[in-house]
Amino acid sequence: MHQEKELNFALQAVNQGYAAIALELRGYGEFLKNKLILDAGCGMGRFVEVANKFGGEVVGVDISQAVDRARKRTQDNPFTHLIQSDLSNLPLKMSSFDYIYCIFVIQHTPNPPQVFRHLLNFLKEDCQFSLTAYEKSNYKIKDQLETYIRVVSTKLPNRIVSLLSYIGVPLGWLQGK
């Protein structure tokens, strides 16, 4: 039954144009409902939108100007709040969030362990924190290619990114085998 719920969540997110995001937040659909959530490193707000669609009130934080794009994406949602800030110096109330996630962001900070410890201060007692990260590559050309893909993909419409995700997610899964 749990796998069926997870699959339904993933398919619903994919249908909304969020294939890669569905893989990160799989199984959390019901959990997000009525929670105050911190998206640490929200970028353009794709994860914010998914968490909102499943009933969460989300505070998205990012150091970059991508929050401006996130603001445009979520401007009609009263349950979204966006802040441009450094994750190691957040202007938020301690112990106020039911759930915090930081998806593929922390490795880009100057001191990931310190940022992780800092973010924990904003979590209510007995609540959850999800963290995903990847190891930085020793291959400069691979890193440059990923940077180029990110620059291009952030300017594409959601439908195109979704289509590319349909192709990219299975390829990434096969690569891991």
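Each value, and the rule that gives it
- Residues numbered from 1 in each chain as written.
- Predicted model: local features only at pLDDT ≥ 70, side-chain atom pairs only at ≥ 80, totals over all residues.
- Heavy atoms only, no water.
- Core = buried A, V, L, I, M, F, W, Y, C linked by side-chain atoms within 4.5 Å.
- Buried < 20%, exposed > 50% of the residue type's maximum accessible area, 1.4 Å probe, protein only.
- Helix = DSSP H or I, 4+ residues; strand = E, 2+ residues; numbered from the N terminus.
- Contact = heavy atoms within 4.5 Å.
- Salt bridge = Lys/Arg side-chain N within 4 Å of Asp/Glu carboxyl O.
- Right-handed = clockwise from strand over helix to strand, strands pointing away.
- Polar contact = N/O pair within 3.5 Å; in protein donor to acceptor, adjacent residues only side chain to side chain.
- Arc of directions from axis to C-beta.
- Phe/Tyr/Trp six-rings, centres within 6.5 Å; stacked < 30°, edge-to-face > 60°.

Would you explain the nonpolar core in this entry?
A general trend in soluble globular proteins is that nonpolar side chains are found buried together. Of all hydrophobic cores here, the largest spans 17 residues; its most connected members are L38, L90 and L92. Of all the secondary structure elements, the ones that give two or more residues to this core are β1 (36-40), β2 (57-62), β4 (97-103), α5 (112-120) and β5 (123-132). With three residues, β4 is the single largest residue contributor to this core. Those residues in contact with L90 that lie beyond four places of it in its chain are L38, V61, S85, H118, L119 and F122. Core analysis: the second largest hydrophobic core is formed by 15 residues, L32, F47, V48 and A70 among them.

Explanation requested: the pattern of salt bridges in the structure shown.
Between side chains of opposite charge, a pair can form when the charged atoms approach closely. Scanning all chains against the criterion turns up three salt bridges. Ionic pairing is found between R73 and E49, a salt bridge with its closest N-O pair at 2.7 Å. Of this pair, R73 sits in helix α4 (residues 66-74) while E49 sits in helix α3 (residues 46-53), placing them 24 residues apart in sequence. Between D98 and K124 there is a salt bridge whose closest N-O contact spans 3.0 Å. Here the residue D98 occupies a position in strand β4, and K124 occupies one in strand β5, the gap between them amounting to 26 residues.

Before we go on, may I ask you to explain the pairing of β2 in this structure?
Side-chain direction in a regular strand flips from residue to residue, so the side chains alternate between the two faces of the sheet. Among the six residues that make up β2, five are buried, leaving the element largely enclosed by the rest of the structure. In the classification by handedness, the crossover that spans β1, the intervening α3 and the parallel β2 is right-handed. Tracing the backbone out of β2, into α4 and back to the parallel element strand β3 (residues 80-84) gives a crossover that is right-handed.

Just checking my understanding: could you explain the side chain of T80 for this structure?
Its place among the elements puts T80 in strand β3. Polar contacts involving the side chain of T80 include one to the side chain of N52, which spans 2.4 Å. Apart from residues no more than four positions distant in its own chain, T80 is found in contact with V48, N52, V58 and T74.

Would you mind going over the environment of V161 with me for this structure?
Residue placement: V161 occurs in helix α7 (residues 158-176). For V161, a relative accessible area of 15% gives the class buried. Contacts of V161, omitting those with residues within four sequence positions, involve R46, S153 and L156.

Explain α4 to me, please; I cannot follow it from the model alone.
Because an α-helix packs 3.6 residues into every turn, residues spaced three or four apart end up facing the same way. Every buried residue belonging to α4 is among A66, V67, A70, R73 and T74, and all of these are buried. Around the axis of α4, the buried residues are gathered within 110° of arc, so they sit on the same side.

What should I look at first to understand α3 in this one?
Most of α3 sits inside the fold, with seven of its eight residues counted as buried. Within the sequence span of α3, burial applies to R46, F47, V48, E49, V50, A51 and N52. G55 lies just past α3 and shows a positive phi near 95°.

Would you explain unusual backbone geometry in this entry?
What is expected of a backbone is that most residues other than glycine have negative phi and most peptide bonds are trans. Of note in the backbone geometry, F104 takes a positive phi value of approximately 55° without being a glycine. The topology assignment puts F104 in the loop between β4 and α5. Even without being glycine, D126 reaches a positive phi, approximately 60°. Position of D126 relative to the elements: it lies in strand β5. By relative accessible area, D126 is classed as exposed at 75%.

Please clarify how the packing of aromatic side chains should be interpreted in this entry.
Centre-to-centre distance and the angle between the planes together describe a pair of aromatic rings. Across all of its chains, the model carries three aromatic pairs by this definition. The interplanar angle of 55° and the centroid separation of 6.2 Å between the aromatic rings of F47 and Y101 together place this pair among those described as tilted. In this pair, F47 sits in helix α3 while Y101 sits in strand β4, placing the two residues 54 residues apart along the sequence. Side by side, F47 and Y101 carry an identical accessibility label, which is buried. Both rings, one in Y99 and one in Y101, keep their centres 5.7 Å apart while their planes meet at 45°; by these two values the pair is tilted. Assigned by exposure class, Y99 and Y101 land together as buried.

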